[in-house]
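# Structural overview for review
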Amino acid sequence: MNQIKQLHAHCLKTGLDETKDLLQRLLRVPDLVYARKLFDHHSSSPCIFLYNKLIQAYSVHDQPHESISLFNLLSHDGLRPNHHTFNFVFAASASISSVRTLRMLHSQFLRSGFESDSFCCTALITGYAKVGALSCARRVFDEMPNRDVPVWNAMITVYKSQGDMKAAMELFDSMPCKNVISWTSVISGFSQNGNYSKALTMFLCMEKDKSVKPNHITVTSVLPACANLGALEIGRRLERYARENGFFDNIYVSNATLEMYSKCGMIDVAKQIFDELGKQRNLCSWNSMISSLATHGKHDQALELYAQMLREGGRPDAVTFVGLLLACVHGGMVAKGKELFKSMEEVHKIFPKLEHYGCMIDLLGRVGKLQEACDLIRTMPMKPDAVVWGTLLGACSFHGNVEIAEIASEALFKLEPSNPGNCVIMSNIYAANEKWDGVLRMRKMMKKETMTKAAGYSYLVEVGVEVHNFTVQDKSHPRSYEIYQVLDEITRRIKPDKSNFDSKTMTESSLLN
């Protein structure tokens, strides 16, 4: 900064005009106040380059109103904005969430004759999307005479961000040419919206398109789909691909791989990746590993890892404590769970959320402290949801407590009037306690509300580009005959041989006699 000031002083003494160089240096620091004073001091000889640089800087450094204000001064200095100006000012306008301002800029943009500029139109589409004006974004797209791939990708991203994957896929299928960003946009869209089977199907289709190669963002988008579908072999293939192409140095790829192995039950492999990360680990790495150990019954290791994290200077967040409380739930460690729950607010200034209370209800419920769990629900600072009451109902079912189960079920019937599972659990609790009038009441309620329990299903990942789901005794798959043949063979192999069983029984009988 001292060098910049010395250069500025030298220019003032000698009369040299180094405004462009000085302004760029100041914006790299950045010192926007000094840069603006320098800009205003040289306003007698303005140029569009200096305006653009300062407009961009204000936009990048979260001062969008200054960008708009500076843009409005252009005409006073007898200058006309160019395509770079509109790129920067569209981004600034989107940051202040003003549809009115963006429409005004759009109007000036059309009058300036840049409506065919692809970069500007992409920025305008993105800007309209950020302020929630989806129809305006689509109108810009539809009115473009020539659309290049980035414009198509921008519009697909708009629909993806809104969760409208049907519209996104319609555009994707209409694209004359697709690149890796096009494929990655739809894959990440399906993955982020929980449609993991479709995300994986799209990735398998992408692999067949030899004109594109997955990048690190593609890999990061597909791995959660593998994790949630249990597609371990595809996940392993992605890990190999990531390592071969140098993507594994990217912490997002490494963390997604760690999560994939954890959810696929390969906890030891996940721990190897965690250890491999070393000092590259971020909070997401720690949280993922702690949660993975907790859910796989390694509760002591999860707590030890948390202690290591604190020793290394790591600071926990709300997600960390969900994993820690899960460890206490699976380990039945009530005292430790209460200690950690208390430390959230007192030590780490983290206010417990609904999921933390849910973990505490689960912890207390599993060890039979049902009244304490019920009291905790009543003192929660937020309204309990169906998950919290459902956790308590499940604990009542395990311990056979009718009284508290009725309290939980009444709340659930109001929150989830069409969920038959709650009636089924409550009916079973009544039956276990021989309260047949309660069983009859639950059955009548189900008939009255015409509740039907949805069939559970699993995913079948095929070699190729299709992912199928199947239900119990499902024969809708075109190769169901072959599937059942394999299933029958598996069943035959895991059943004990009857002749060996009989001979073993006879031997044991003779020994007893």
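Residues numbered from 1 in each chain as written. Predicted model: local features only at pLDDT ≥ 70, side-chain atom pairs only at ≥ 80, totals over all residues. Heavy atoms only, no water.

## Looking at the confidence of the model for the protein chain
Stated precisely, the cut-off is as follows: The predictor attaches a confidence to each residue, and that confidence, scored 0 to 100, is pLDDT. Working rule for contacts: check all heavy atoms of both residues, and any pair within 4.5 Å makes them a contact.
Per-residue pLDDT for the protein chain averages 84, and the proportion of residues at 70 or more is 82%. Confidence drops under a pLDDT of 50 for residues 498-513, and excluding neighbours within four residues, the segment shows 0 contacts in the predicted structure.

## Focus on a nonpolar patch on the surface
Spelled out, the test is: Exposure above 30% relative accessible area and the lack of any salt bridge qualify a residue for a patch; like charges then connect within 9 Å, and the nonpolar side chains Val, Leu, Ile, Met, Phe, Trp and Tyr within 5 Å. Each accessible area value is a Shrake-Rupley result obtained with a 1.4 Å probe; residue values ignore everything except the protein chains displayed when judging cover. The working definition used for a salt bridge is a side-chain nitrogen of Lys or Arg within 4 Å of a carboxyl oxygen of Asp or Glu. Helix numbering and strand numbering both begin at the N terminus, where a helix is a DSSP run of H or I of at least 4 residues and a strand a DSSP run of E of at least 2.
A surface patch of nonpolar side chains, amounting to about 310 Å² of accessible area, comprises V486, I490 and I494. Take I490: it is sitting in helix α28 (residues 480-494).

## A look at the pattern of salt bridges
A side chain of one charge can pair with a side chain of the opposite charge if their charged atoms are brought near each other. Condition: For every residue, the accessible area (1.4 Å probe, protein chains only) is compared with the maximum for its type, and the residue is labelled buried under 20%, exposed over 50%, or partly exposed between those bounds.
Tallied over the full model, the rule gives 11 salt bridges. Between R138 and D142 there is a salt bridge, with the nearest N and O atoms lying 3.0 Å from each other. With R138 and D142 both in helix α9 (residues 134-143), this residue pair falls 4 residues apart, about one helical turn. For D142, a relative accessible area of 41% gives the class partly exposed. Residue E339 is joined to K336 by a salt bridge in which the shortest nitrogen-to-oxygen separation is 3.4 Å. Of this pair, E339 and K336 both sit in helix α21 (residues 334-346), separated by 3 residues, roughly a single helical turn. Classification of E339 as partly exposed rests on a relative accessible area of 48%. One continuous salt-bridge network, built from bridges that share partners, spans E239, R243 and E276.

## Looking at the packing of helix α13 (residues 196-208) against helix α14 (residues 216-229)
Quick reminder of the rule: Structural elements are reduced to axes, namely lines fitted to C-alpha atoms, with helices fitted over the stretch in contact, and the angle between N-to-C directions of any two is expressed from 0 to 180 degrees. In these notes the angle categories are as follows: under 35 degrees is roughly parallel, over 145 is roughly antiparallel, 65 to 115 is roughly perpendicular, and the rest is oblique. Each crossing gets its hand from how the near helix is turned against the far one by less than a right angle, where anticlockwise is left-handed and clockwise is right-handed. Each residue is assigned to one of three groups, with Ala, Val, Leu, Ile, Met, Phe, Trp, Tyr, Cys and Pro labelled nonpolar, Asp, Glu, Lys and Arg labelled charged, and all others, Gly among them, labelled polar.
Packing of α13 against α14 brings their axes to within 9 Å, and their N-to-C directions diverge by 130°. Our classification of the angle between α13 and α14 gives oblique. Two packed elements cross with a definite hand, and for α13 against α14 that hand is left-handed. Within the contact between the two elements, α13 uses Y196, S197, A199, L200, F203 and M206 and α14 uses T218, V222, P224, A225, C226, N228 and L229. Residues of the contact of α13 with α14, tallied by class, amount to 10 nonpolar, 3 polar and no charged.

## Comments concerning the packing of aromatic side chains
Here is the rule we go by: Stacked, tilted and edge-to-face are the three classes applied to pairs of Phe, Tyr and Trp rings, where Trp contributes its six-membered ring and a pair requires centres within 6.5 Å; stacked means planes under 30 degrees apart, edge-to-face means over 60, and tilted covers the rest. A positively charged side chain is recorded as over a ring if its NZ (Lys) or CZ (Arg) lies within 6 Å of the ring centre. The angle to the ring normal must also be within 35 degrees.
A full pass over the atoms with the stated rule returns 10 aromatic pairs. Of the aromatic side chains, those joined through ring pairs into one cluster are F71, F86, F90 and F109. Residue placement shows R281 over the ring face of F274; its charged tip is 4.3 Å from the ring centre. The positively charged end of R281 is found above the aromatic ring belonging to W286, 5.2 Å away from the centroid.

## A few points about the packing of helix α8 (residues 118-130) against helix α10 (residues 149-161)
Where α8 meets α10, the axes come as close as 9 Å, and the angle between the chain directions of the two elements is 5°. Here α8 lies roughly parallel to α10, going by the angle between them. Judged by residue contacts, S118, T122, I125, T126 and A129 of α8 engage P150, V151, A154, M155 and V158 from α10.

## So, helix α16 (residues 251-263)
For clarity, the cut-off: Take the residue count of a helix, subtract one, and multiply by 1.5 Å to get its expected span. We define a polar contact as two N or O atoms separated by no more than 3.5 Å, with the added condition that, inside protein, one atom must be a possible hydrogen donor and the other a possible acceptor, whereas residues neighbouring each other in sequence contribute only through side-chain atom pairs.
Between the first and last C-alpha of α16 there are 18 Å, a value that for 13 residues agrees with the 18 Å anticipated at 1.5 Å per step. Burial within α16 is extensive, with 10 of its 13 residues counted as buried. Buried within α16 we find I251, V253, S254, N255, A256, T257, L258, M260, Y261 and S262. Of the surrounding secondary structure, the elements contacted by the buried residues of α16 are α14, α15 (232-244), α17 (267-277) and α18 (283-295). Two or three places before Y252, at the opening of α16, N250 has a side-chain oxygen 2.8 Å from that residue's backbone nitrogen. Looking one or two residues beyond α16, the residue adopting positive phi is G265, at roughly 85°.

## As for unusual backbone geometry
Non-glycine residue K349 carries a positive phi angle of around 60°. The phi angle at E434 is positive, at roughly 60°, despite the residue not being glycine. We classify E434 as exposed; its relative accessible area is 60%.

## Points about the nonpolar core
Basically, it comes down to this: In this description, a nonpolar core means a group of buried Ala, Val, Leu, Ile, Met, Phe, Trp, Tyr and Cys residues linked to one another through side-chain atoms lying within 4.5 Å.
Within the largest apolar cluster, 139 residues are counted, with the highest numbers of intra-cluster contacts made by F90, I125, Y128 and L392. The contacts of F90, once residues within four sequence positions are left out, are L102, L105, H106, F109, C120, A123 and L124.

## Some details on helix α22 (residues 354-366)
The terminal C-alpha atoms of α22, which comprises 13 residues, lie 18 Å apart, in line with the 18 Å expected from a rise of 1.5 Å per residue. With 10 of its 13 residues buried, α22 lies for the most part within the structure. Residues of α22 that are buried include every one of H356, Y357, G358, C359, M360, I361, D362, L363, L364 and G365, and no others. Taken together, the buried residues of α22 touch α20 (318-331), α21, α23 (370-378) and α24 (386-399).

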